[in-house]
Amino acid sequence: MKGLILIYAIAIFGSIGALRSPVIGLFIYVGFAVLRPQFIWGWAGDFGGISLYVGIATLLGWLLSGFGSTKVGPGRSIVMAMLFFAGWTALSATQAVDKDVAYATLTPLMKFVMPFLIGVTILDTEQRSRTMLWIIVAAMGYVSFENNLAYVQGYNIAGEGFGGMDNNCFGVALVSTIGPAIALGLGARTWYERLGAAVCAALILHTTLLTFSRGAMVGLLVVGATAFIMMPKRPKYLAVLALVGLLALRLTGPQLMARYATTIAEGEERDGSAESRIDLWRDCIKLTIQNPMFGVGPGNFPVVAQSLGWTAGKQAHSVWMQQAAETGVPGVLSLFLLFAISVVKLWPLAHQRLTEENRSQVAVASGLIMSIVGFAVAGQFVSLGGLEIPYYSAMIGVVLLKRHTSLRAAPAPVRPVVQTARPQPPQGFRPSVAMRPGRN
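Residues numbered from 1 in each chain as written. Predicted model: local features only at pLDDT ≥ 70, side-chain atom pairs only at ≥ 80, totals over all residues. Heavy atoms only, no water.

Caption draft 1: Molecular detail of a nonpolar patch on the surface. The grouping of Leu19, Leu52, Tyr53, Ile56, Leu60, Leu63, Leu64 and Phe67 at the surface amounts to a nonpolar patch, some 810 Å² of accessible area in total. With 6 residues, the single largest contributor to the nonpolar patch is helix 4 (residues 50–64). Judged by relative accessible area, Leu64 falls into the exposed class, the value being 65%. (Patch = residues over 30% accessible without salt bridge, like charges linked within 9 Å, V, L, I, M, F, W, Y side chains within 5 Å. Areas by Shrake-Rupley, 256 points an atom, 1.4 Å probe, with all protein chains shown as cover. Salt bridge = Lys/Arg side-chain N within 4 Å of Asp/Glu carboxyl O. Helix = DSSP H or I, 4+ residues; strand = E, 2+ residues; numbered from the N terminus. Buried < 20%, exposed > 50% of the residue type's maximum accessible area, 1.4 Å probe, protein only.)

Caption draft 2: Structural view of unusual backbone geometry. If you check the backbone angles, Arg36 has positive phi at about 55° while not being a glycine. By the secondary structure assignment, Arg36 is in the loop between helix 2 (22–35) and helix 3 (37–40). Looking at Arg36, the relative accessible area reads 16%, which means it is buried.

Caption draft 3: Representation of the side chain of Gln361 within the structure. You can see Gln361 is positioned in helix 17 (residues 359–378). A polar side-chain atom of Gln361 sits 2.6 Å from a polar atom in the side chain of Gln352. (Polar contact = N/O pair within 3.5 Å; in protein donor to acceptor, adjacent residues only side chain to side chain.)

Caption draft 4: Highlighting the environment of Ser69. Along the chain, Ser69 falls in the loop between helix 4 and helix 5 (76–93). On a C-alpha basis, the gap between Ser69 and Leu123 in space is 9.1 Å, while along the polypeptide they are 54 residues apart. Residue contacts for Ser69: discarding those within four places in its chain leaves Val120 and Thr121. Within the local environment of Ser69, its side chain forms a polar contact with the backbone nitrogen of Lys71, the two atoms lying 3.3 Å apart. (Contact = heavy atoms within 4.5 Å.)

Caption draft 5: Just the packing of helix 2 against helix 4, in detail. Look at helix 2 against helix 4: their axes get within 8 Å of each other, and the N-to-C directions meet at 155°. When the interaxial angle is binned, helix 2 and helix 4 end up roughly antiparallel. Every pair of crossing elements has a handedness; the one defined by helix 2 and helix 4 is left-handed. Between helix 2 and helix 4, the contacting residues are Pro22, Gly25, Leu26, Ile28, Tyr29 and Phe32 on the first element and Ile50, Ser51, Val54, Gly55, Thr58, Gly61 and Trp62 on the second. Per-class residue counts for the contact of helix 2 with helix 4 are 8 nonpolar, 5 polar and no charged. (Axes fitted to C-alpha atoms, helices over the stretch in contact; angles between N-to-C directions. Parallel < 35°, antiparallel > 145°, perpendicular 65-115°, else oblique. Left-handed = near helix turned anticlockwise from the far one by under 90°. Nonpolar A, V, L, I, M, F, W, Y, C, P; charged D, E, K, R; others polar.)

So this is what it looks like as structure tokens:
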């Protein structure tokens, strides 16, 4: 009951506050999208539509504020990729095999496209972008806490999935968040921030392993490798990375190791699940070749799966392969560019020479890169193009790039000119006639 009251209080506060400051509504909307309170405290009451009310209030606040600032600087190409992806998906829906199914996917699409556009126009400071990343990490940390608590009590929720996601989708969501948690801890300036980030990272790591997802495990390895490449090669940073790696090995049980081994095994040694994924990907390539422009339509691979020899409703188990089959080459290419451009543009920020002044900026940029890379790799094994977290990471990346550019372009402060008083003649002094003005 306390959870129900708390969530409703936050939603009411967010809805009212968003009308005056849409940033408040955006923070709460994104937090709810990651937390998914209806799946944690749903037993206490009805949470249906609670995010919708906050979202509508945020949209109204955005409208009243004049849609924020459209000057996004070097993040313009990222925004254009997002707009093209959304537009092409809608266009592809008009050419779908089953148009009703295709049109039904457009509503979930808008649930992360609109927050993305609102965020890049109203988040105008590095502090706000960092706060947004903290909200995502803290929300996923709490979700992981609930899953670990259930595991201690003898029930592995993560192994079955969470928040309407199966175990594989949930694993990718976790992988997309652990990088930011580690980066925020390393870039923290206070001990309580470091402690909070460390606790969240540990909970997220263990929950990821509890999903028994091979795709998530591959994503974790890639996130670790990316962190090693980006981080300054200082003893304390390397020690943290080594500690996380050792903790992951310690928490990885024989069951997960056996499952992970089948991912890289030879064809005759793969289990049925791993082998079927490869067959599904082949069929996605065939569909893409047959329909290179618009695909079979958003959400329509499960519709045509039966005609390919699969059971009706079968997913392709790959974000990239299924996106290509459903929205054609332009659709999957725009989605890939959205994340690829984000990583390329954020890379120089993450590789700056570390100072006390840019410590927070480097941490946020590094966390965003790890989030996107983890999703891109783990997503090859799971169909979840609608997972919000990577899109929010790209959104924060645009804000970070915009803020970094504005700081560099700002003129250097002008030092005030100090005027010294002219020396006054001694009291009683009278200039001679030759010294008086007008005399030669």
